[in-house]
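# Architecture and fold: a report
Each chain, letter by letter, is given below.
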Amino acid sequence: MCTWQRIDRLPLTLSMLESQTYGDFTFYIWNNNISYSNRIADYMKDSPLDTRGFLNNNNIGGIGRFVASRGITHKHDYVIFIDDDQLFEPTFIQQMVSQAKPNTIAGWYAWEIRGGYFDRTPATNKADYVGTGGMICDINAFKNKPLFNIPSKYQFVEDLWLSFYCKYELGYELYKASVNMTFMPEEDKRDQFRVRNLGPLKAEFYHYLNVRFKEKVRTLT
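We now turn to the structure provided with this report. (Residues numbered from 1 in each chain as written. Predicted model: local features only at pLDDT ≥ 70, side-chain atom pairs only at ≥ 80, totals over all residues. Heavy atoms only, no water.)

This part takes up the sheet that holds strand 7 (residues 110–113). Across a sheet, strands are paired by hydrogen bonds formed along the backbone, either parallel or antiparallel in direction. The three strands are arranged 8-7-9 in an open sheet whose pairing can be described as antiparallel. Only two strands of the sheet have a single partner each, and these edge strands are strand 8 (120–122) and strand 9 (129–130). Alignment of strand 7 against strand 9, held across two bridges, turns out to be antiparallel. Bridge assignment links A110 to a residue of strand 9, and that residue is V130. (Pairing = 2+ DSSP bridges. Helix = DSSP H or I, 4+ residues; strand = E, 2+ residues; numbered from the N terminus.)

This brings us to the sheet that holds strand 4 (residues 78–81). The four strands lie next to each other as 4-10-6-11, forming an open sheet whose pairing is mixed. Only two strands of the sheet have a single partner each, and these edge strands are strand 4 and strand 11 (173–176). Strand-to-strand twist across the sheet, computed as the mean angle between neighbouring axes with direction ignored, equals 15°. When strand 6 (residues 104–107) meets strand 10 (residues 135–138), the two strands line up antiparallel, connected through three bridges. The partner of I105 across the bridge, within strand 10, is C137. (Axes fitted to C-alpha atoms, helices over the stretch in contact; angles between N-to-C directions.)

Summed over the entire model, instances satisfying the criterion amount to 11 salt bridges. With a shortest N-O distance of 3.2 Å, D128 and R114 are connected by a salt bridge. A residue pair is termed long-range when its members are at least 10 positions apart, and D128 in the loop between strand 8 and strand 9 and R114 in the loop between strand 7 and strand 8 qualify at 14 residues. Judged by relative accessible area, R114 falls into the exposed class, the value being 51%. Between K126 and E173 there is a salt bridge, and its shortest N-O distance comes to 3.4 Å. Of this pair, K126 sits in the loop between strand 8 and strand 9 while E173 is found in strand 11, placing the two residues 47 residues apart along the sequence. (Salt bridge = Lys/Arg side-chain N within 4 Å of Asp/Glu carboxyl O. Buried < 20%, exposed > 50% of the residue type's maximum accessible area, 1.4 Å probe, protein only.)

Most of helix 5 (residues 158–168) sits out of view: 11 of its 11 residues are buried. Regarding helix 5, the residues found buried are E158, D159, L160, W161, L162, S163, F164, Y165, C166, K167 and Y168.

Note that all results are geometric; they support no functional claim without further evidence.
Here it is as structure tokens:
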């Protein structure tokens, strides 16, 4: 998970993770806000979980999770990504682990896209795009150096990049995960999507990716 501005929500996330029925995991936190480093360290120290932290001086967004994953490919076969504004049940990790497969991404926020980025329907099985909030991925994807060559303009749209790169360069399958999640009810407008107005950029990047991978994409925008 990445942290940036919602440090106040971290204790709730830790509490939900501490209640998991599946306990054989390490919780890695990539911190994009150096001013919160001491508070995060205190939260981690107070938790019985096996937690590890990564501190970055600058906010690089969700791609920090990719960088962290690259550093632990020798330790784990799969990585689960969550967002800092999500609620999940005590069986969440157990459910995700049960759906882990080699060369596969499975996630809660999964979509079939037939036209532009916003011309989409919720996926029920195979997906064209899987968001990183509530995703399990074969960690071998992060051994590939080109995965980190995301165009700088679209650095904060890392979830689209991961879906396209894994599907069309690595041959991964993308699926809707059978798991119960939701967003925290209060809207605080402190997420990257709203702060950076990523909606138009996601639509633009989706078109860019279709053109870039045009020989491999079945349906072009």
